[in-house]
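# Tertiary structure, described
Here is what each chain is made of, one letter per residue.
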Amino acid sequence: MKRLGLMVLVACSACDFLPGGGGGTGGGSGGGGEQPFSKGFVFVRRDDKNVYLSDQADLMTVTRLTDSGGAKQPSFDKEARRVVFVKSTGTDSEVDIVPTTGGTPTTVIASTTASVKNLRTPVFSLDGQRVFFAYDDGASSSIGVVNTDGSMFQRLAAGSALAYAGISLYPDGSALLATAGNSVTQLTQLERISTLNGQATSVTNALGSEATSIVSRAVVSPDAKKAAFDARLASGSVRIFVIDLATKVVTQLTDYPGEPGANDNSPCWKGSDVCFSSDTGGGDSVYALPSTGMMTSGGLQLAGGVEPWFGPN
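Because the structure is a prediction, the values reported are computed rather than measured.

Here is what the cut-offs are and how they apply
Residues numbered from 1 in each chain as written. Predicted model: local features only at pLDDT ≥ 70, side-chain atom pairs only at ≥ 80, totals over all residues. Heavy atoms only, no water. Pairing = 2+ DSSP bridges. Helix = DSSP H or I, 4+ residues; strand = E, 2+ residues; numbered from the N terminus. Axes fitted to C-alpha atoms, helices over the stretch in contact; angles between N-to-C directions. Disulfide = S-S within 2.5 Å. Buried < 20%, exposed > 50% of the residue type's maximum accessible area, 1.4 Å probe, protein only. Phe/Tyr/Trp six-rings, centres within 6.5 Å; stacked < 30°, edge-to-face > 60°. Lys NZ or Arg CZ within 6 Å of the ring centre and 35° of its normal.

### Regarding the sheet that holds strand β6 (residues 92-99)
Neighbouring strands of a sheet are bound in pairs by backbone hydrogen bonds; such pairs are parallel or else antiparallel. In space, the four strands of this open sheet follow the order β4-β5-β6-β7, with antiparallel pairing throughout. In this open sheet, the two edge strands, each paired with only one partner strand, are β4 (71-76) and β7 (106-110). With strand direction ignored, the average angle separating the axes of adjacent strands in the sheet is 25 degrees. In the sheet, β6 pairs with β7 via four bridges, with the strands oriented antiparallel. Looking across to β7, one finds that V95 is bridged to I109.

### As for the state of the cysteines
One pass over the full model with this rule turns up zero disulfides. With no disulfide of its own, C268 lies closest to C275 among cysteine sulfurs, the gap being 4.5 Å. Note on C268: relative accessible area 1%, which makes it buried. Judged by relative accessible area, which is 0%, C275 ranks as buried.

### A few points about the packing of aromatic side chains
Considering all chains together, one arrives at eight aromatic pairs under this definition. Ring geometry for F43 and Y52: centres 5.8 Å apart, planes at 20 degrees, overall stacked. On the accessibility criterion, F43 (0% relative accessible area) is buried. Judged by relative accessible area, Y52 falls into the buried class, the value being 1%. Between the aromatic rings of F276 and Y287, the centroid separation amounts to 5.9 Å while the plane-to-plane angle is 20 degrees, which identifies the pairing as stacked. Separated by 11 residues along the polypeptide, F276 in strand β21 (residues 273-278) and Y287 in strand β22 (residues 285-290) bring together distant segments of the chain. With a relative accessible area of 1%, F276 lands in the buried category. These aromatic residues form a ring-pair network of at least three members: F133, Y135 and F153. Above the plane of the ring of Y52 lies R45, whose end atom (NZ or CZ) is 5.0 Å from the centre. Across the ring face of Y170, the terminal group of R192 is positioned such that the distance to the ring centre comes to 4.2 Å.

So, in structure tokens, the structure goes:
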């Protein structure tokens, strides 16, 4: 078992609001670890691009699930027993799965031709038997679905009129929430995509007065009443926003008047709180804030993580 040292403890020595009970930082190398996992975060570290776990019982202890790098955008299945993520090597990418107990990741699908490349934002189906993901499809971007054993790949929703990017699953499993736009660099809309037949329905084409375009993903809340997304401001900085899916009212959740150049990314949900990673303060950390907040900050959860996902919800 490879120890990760005291980096997290040092980084958080002044953070008296950090959850957890101390106890140092451990890590596993693709084989699980010393920390039992029942509920908490999966995330990536920017320095080595590996997948890590941290149980909410002790968020200062982490376990490494992969050791070959190139990982991004991890998410849990419904019971948080498996993690699906993207592994990139040069221009190639693949969707992999690893149990939260550790072990060798298995590849579900890999990029093949110009019509299936740049795989991203994978999520499990509600029953855990399939994986949905976005991918570049020629000059556009589509949503695909494949069984977890790699069989029965098909294009679920074609990005002909709109390009689809970051996706998340509605809690009942009936649909995906997808970011969409005229191109993957200008995502200004949200679409509901049926997981049964790929039928698309517009959720909104208005992101509020401050957000110019969505950066990575939009994620539906556990009660399906709201969604959180990260979006670029006119200044170029990225903040977290929350949309009420019934009224379509968008509010800006995060703000840093004293640090306007800080950036927030990759929202997820922890009950009614919105979690996300941020470089505010000069280092990558994971934060959680009530979804009812407006123009606020704080809520440190763990240091040294990006692209978090919490589960089970």
